[in-house]
Amino acid sequence: MIEVFDDEHFMRQALFEARQAYDRDEIPVGAVIVTKNTIIARGHNLTELLNDVTAHAEMQAITAAANYLGGKYLTGCTLYVTLEPCQMCAGALYWSQISRIVYAAEDSKRGYRAMGAQLHPRTTVSSGPLAFEASQLLLDFFRKKRN
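Note on numbering: residues in each chain are counted from 1, in written sequence order. This being a predicted model, a pLDDT of at least 70 is required before a residue's local features are given, and a value of 80 or more before pairs of side-chain atoms are given or counted; all residues contribute to the totals for chains, interfaces and linings. The side-chain values count all of the structure's non-hydrogen atoms but skip hydrogen atoms and water molecules.

The chain carries the name tRNA-specific adenosine deaminase in an unreviewed UniProt entry, which gives Flavobacterium aurantiibacter as its organism. UniProt positions are given in the numbering used here, feature names are shortened, and annotations may be inferred rather than shown by experiment. Recorded under Sequence similarities (unreviewed entry), the UniProt text for the chain is reproduced unchanged: "Belongs to the cytidine and deoxycytidylate deaminase family. ADAT2 subfamily." Turning to the chain, the UniProt record has this under Catalytic activity (unreviewed entry): "adenosine(34) in tRNA + H2O + H(+) = inosine(34) in tRNA + NH4(+)".

Here you go:
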């Protein structure tokens, strides 16, 4: 059986999570983890609420997915995240052996590629679905912070 991915649908769910972060005055990044076309985990940034620099959306989603699956490896899963993962999250994704990552907006300064971080060799990556919407939410957030 070939799994068909609806990247836009799942990225919209990640954007929903990012908006929850925005509403909590957190940097608006959201993530969902999917397996067999079912969302098994959700997360959004909680660094301010938890006073924890590691409480990124991806980290929240990785933990929830591992708990759901009852194991630490996320093979057969796809992460949808609204911003390119940072170096820390890329490391966690490497160790989780997640099969696929789809991110919306690129992070040319702090994204894993700019920082030289590596993902697991079997992880595939694609970008772009709803990049404008994800970027706009981040721009609005930081514009609001500056005023």
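A.B. asks: Provide a residue-level description of the pattern of salt bridges, including the pertinent values.
C.D. replies: For salt bridges, the criterion is a side-chain nitrogen of Lys or Arg within 4 Å of an Asp or Glu carboxyl oxygen. Per the counting criterion, the structure on display carries 7 salt bridges. The salt bridge involving Glu 106 is made with Arg 113; its shortest N-O contact spans 3.6 Å. On the basis of relative accessible area, Glu 106 is assigned to the exposed category, the value being 53%. Exposure is judged per residue with a 1.4 Å probe applied to protein chains only, and the accessible area is read against the type maximum: over 50% gives exposed, under 20% gives buried, and values in between give partly exposed. Taking the relative accessible area as the measure of exposure, Arg 113 reaches 45% and is therefore partly exposed. Residues Arg 143 and Asp 140 are paired through a salt bridge, measuring 3.1 Å at the closest nitrogen-oxygen approach. With Arg 143 and Asp 140 both in helix α6 (residues 131-146) and 3 residues apart, the pair spans about one turn of that helix. The helix count covers DSSP runs of H or I at least four residues long, the strand count covers runs of E at least two residues long, and both are numbered beginning at the N terminus.

A.B. asks: Pulling in residues and values, what's your account of the packing of aromatic side chains?
C.D. replies: Pairing of aromatic side chains here covers Phe, Tyr and the six-membered ring of Trp, requires ring centres within 6.5 Å, and sorts the geometry by plane angle: under 30 degrees stacked, over 60 edge-to-face, intermediate tilted. Inspection of the entire model under this criterion finds 4 aromatic pairs. Judged by centre distance (5.9 Å) and plane angle (65 degrees), the rings of Tyr 22 and Phe 141 are edge-to-face. In this pair, Tyr 22 is assigned in helix α1 (residues 7-23) and Phe 141 in helix α6, connecting sequence segments 119 residues apart. For Phe 141, a relative accessible area of 2% gives the class buried. Ring centres 5.1 Å apart and planes at 85 degrees place the aromatic pair Phe 141 and Phe 142 in the edge-to-face group. What makes Phe 142 partly exposed here is its relative accessible area of 35%. Members of the aromatic cluster, connected to one another through ring pairs, are Tyr 22, Phe 141 and Phe 142. Ring-over charges, as used throughout, are those where CZ of Arg or NZ of Lys falls within 6 Å of the ring centre and within 35 degrees of the ring normal. Between the NZ or CZ atom of Lys 144 and the centre of the ring of Tyr 22, over which it lies, the distance is 4.4 Å.

A.B. asks: Please give an account of the UniProt feature "active site" (unreviewed entry) in the chain that cites residues and values.
C.D. replies: UniProt records the feature "active site" (unreviewed entry) at Glu 58, using the numbering of this structure. Checked against the element boundaries, Glu 58 lands in helix α3 (residues 57-69). Residues in contact with Glu 58, not counting those within four places in the same chain, are Ala 31, Leu 79, Val 81, Leu 83, Pro 85, Cys 86 and Cys 89. Here, residues are in contact when the closest pair of their heavy atoms is within 4.5 Å.

A.B. asks: Would you mind going over the packing of α1 against α6 in detail, with residue names and values included?
C.D. replies: With axes taken as lines fitted to C-alpha atoms, and helix axes fitted only over the stretch in contact, angles between N-to-C directions fall between 0 and 180 degrees. Their axes nearest at 11 Å, the elements α1 and α6 cross at an angle of 5 degrees. For the element pair α1 / α6, the angle class is roughly parallel. In this structure, α1 uses Leu 15, Ala 18, Arg 19 and Tyr 22 to contact α6, whose residues at the interface are Glu 133, Ala 134, Leu 137, Asp 140, Phe 141 and Lys 144. Each residue is assigned to one of three groups, with Ala, Val, Leu, Ile, Met, Phe, Trp, Tyr, Cys and Pro labelled nonpolar, Asp, Glu, Lys and Arg labelled charged, and all others, Gly among them, labelled polar. Across the contact of α1 with α6, the residue classes tally to 6 nonpolar, no polar and 4 charged. Orientation labels follow simple angle bins: below 35 degrees gives roughly parallel, above 145 gives roughly antiparallel, 65 to 115 gives roughly perpendicular, and whatever is left gives oblique.

A.B. asks: Residue-level account of the nonpolar core, with values.
C.D. replies: Ranked by size, the top nonpolar core spans 35 residues in total, and within it Met 11, Ile 33, Leu 74, Leu 79, Tyr 80, Leu 93 and Ile 98 carry the most contacts. With 5 residues, strand β4 (residues 100-105) is the single largest residue contributor to this core. With residues up to four places along the chain from it excluded, the contact list for Leu 74 reads Ile 33, Ile 62, Ala 65, Ala 66, Leu 69, Ser 96, Gln 97, Ile 98 and Ser 99. Take the buried residues of types Ala, Val, Leu, Ile, Met, Phe, Trp, Tyr and Cys, join any two whose side-chain atoms come within 4.5 Å, and each joined set is a nonpolar core.

A.B. asks: I'd like to hear about the packing of α3 against helix α4 (residues 87-96), residue by residue, with values.
C.D. replies: Direction vectors running N to C along α3 and α4 enclose 20 degrees, while the axes themselves pass 9 Å from each other. In terms of orientation, α3 lies roughly parallel with respect to α4. α3 and α4 meet at a crossing whose hand is left-handed. Between α3, through Glu 58, Met 59 and Ile 62, and α4, the contact on the second element is made entirely by Met 88, Cys 89, Ala 92 and Leu 93. By convention the crossing between two helices is left-handed if the near helix lies anticlockwise of the far one by an angle smaller than a right angle, and right-handed if it lies clockwise.

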